[in-house]
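These are the residues of each chain, in order.
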Amino acid sequence: MLAIQGLKCVYDTGSRGWAIELALKGEGEGAVRRFDVDGPEDAEMLIEAFDESTASSFDPATGEIVFAYEYATLDDEDEDEDETDDEADEEEDEDAEVAEDDEDEVAENEDEKVKA
């Protein structure tokens with residue numbers, strides 16, 4: 001894997017098409033690789049992904065470009081735990097409301113007994 005140092009969008013006048021160039025650095029040497037893209041929108045999307053990533057690399061054997069982000073989660077367990085906590089909080093709120101209603105009814109019944 002080679003670290004990506006930069007990306008740039010180019011219009012190749014020879015092939016009359018858009019391309020993206022990767023500036024790569026690895027093992028003491030630099031290289032530039034060019035890949036055709038469908039248009040400037042696709043190139044812009046790749047450049048934005050590179051800008052927002054915390055690390056990016058290129059695998060010359062597979063031609064795969066990888067953008068990594070600090071905030072990426074790999075498993076859904078954290079989300080499931082958050083949902084479970086939210087549901088438990090809602091149930092506690094409902095229980096508290098029911099308990100308050102019961103207390104109000106008891107107080108009303110006691111007031112009626114006192115009046116009788």
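Bear in mind the structure is a predicted one, so any value in this text is a computation, not a measurement.

Asker: I'd like to hear about the nonpolar core, residue by residue, with values.
Answerer: A general trend in soluble globular proteins is that nonpolar side chains are found buried together. Ranked by size, the top nonpolar core spans twelve residues in total: Leu 2, Ile 4, Leu 7, Ile 20, Leu 22, Leu 24, Val 37, Ala 43, Ala 49, Phe 50, Phe 58 and Phe 67. The set of elements that each furnish at least two residues to this core consists of strand E1 (2-12), strand E2 (17-26) and helix H1 (40-52). Residue contacts for Ile 20: discarding those within four places in its chain leaves Leu 7, Lys 8, Cys 9, Arg 33, Arg 34, Phe 35, Val 37, Ala 43, Leu 46 and Ile 47.

Asker: Explain the packing of aromatic side chains to me, using residue names and the numbers behind them.
Answerer: Under the definition given, this model contains two aromatic pairs. Consider the rings of Tyr 11 and Trp 18, whose centres lie 5.1 Å apart with planes at 65°: the pair is edge-to-face. For Tyr 11, a relative accessible area of 43% puts it in the partly exposed group.

Asker: Quick one: what's the story with the side chain of Ser 57, residue by residue and with numbers?
Answerer: Position of Ser 57 among the secondary structure elements: in strand E4 (residues 55-59). Discounting chain neighbours no more than four positions away, the residues touching Ser 57 are Met 1, Leu 2, Ala 3, Ile 4, Glu 64, Ile 65 and Val 66.

Asker: Break down the pattern of salt bridges for me, with residues and values.
Answerer: Throughout the structure, instances matching the rule amount to three salt bridges. A salt bridge links Glu 21 to Lys 8; the shortest N-O distance between them is 3.7 Å. Here Glu 21, found in strand E2, pairs with Lys 8, found in strand E1; they are 13 residues apart in sequence, far enough to count as distant. Residue classification places Glu 21 among the buried residues on the basis of a relative accessible area of 14%. Where Arg 34 meets Asp 12, a salt bridge forms, and the shortest distance between an N and an O atom there is 3.4 Å. With Arg 34 in strand E3 (residues 29-37) and Asp 12 in strand E1, this residue pair connects regions lying 22 residues apart in the sequence. Taking relative accessible area as the criterion, Arg 34 reaches 43% and is therefore assigned partly exposed.

Calculation criteria
Along every chain, residues carry numbers that run from 1 in the direction the sequence is written. Note on the predicted model: pLDDT of at least 70 is required for a residue's local features to be given, and 80 or more for side-chain atom pairs to be given and counted; whole-chain, interface and lining totals, by contrast, use all residues. Only hydrogens and water are set aside; all other atoms, that is, all heavy atoms of the structure, feed into the side-chain values. As used in this record, nonpolar core signifies buried Ala, Val, Leu, Ile, Met, Phe, Trp, Tyr and Cys residues forming a set joined through side-chain atoms within 4.5 Å. Each residue's exposure class comes from its accessible area (1.4 Å probe, protein chains only) as a fraction of the maximum for that residue type: buried when under 20%, exposed when over 50%, partly exposed otherwise. Runs of H or I in DSSP of at least four residues are treated as helices and runs of E of at least two as strands, each being numbered from the N terminus. Every residue pair with non-hydrogen atoms within 4.5 Å of one another is taken to be in contact. For Phe, Tyr and Trp, where Trp contributes only its six-membered ring, two rings pair if their centres lie within 6.5 Å, and the inter-plane angle classes them as stacked under 30 degrees, edge-to-face over 60, or tilted in between. Put simply, a salt bridge is a Lys or Arg side-chain nitrogen that is within 4 Å of an Asp or Glu carboxyl oxygen.

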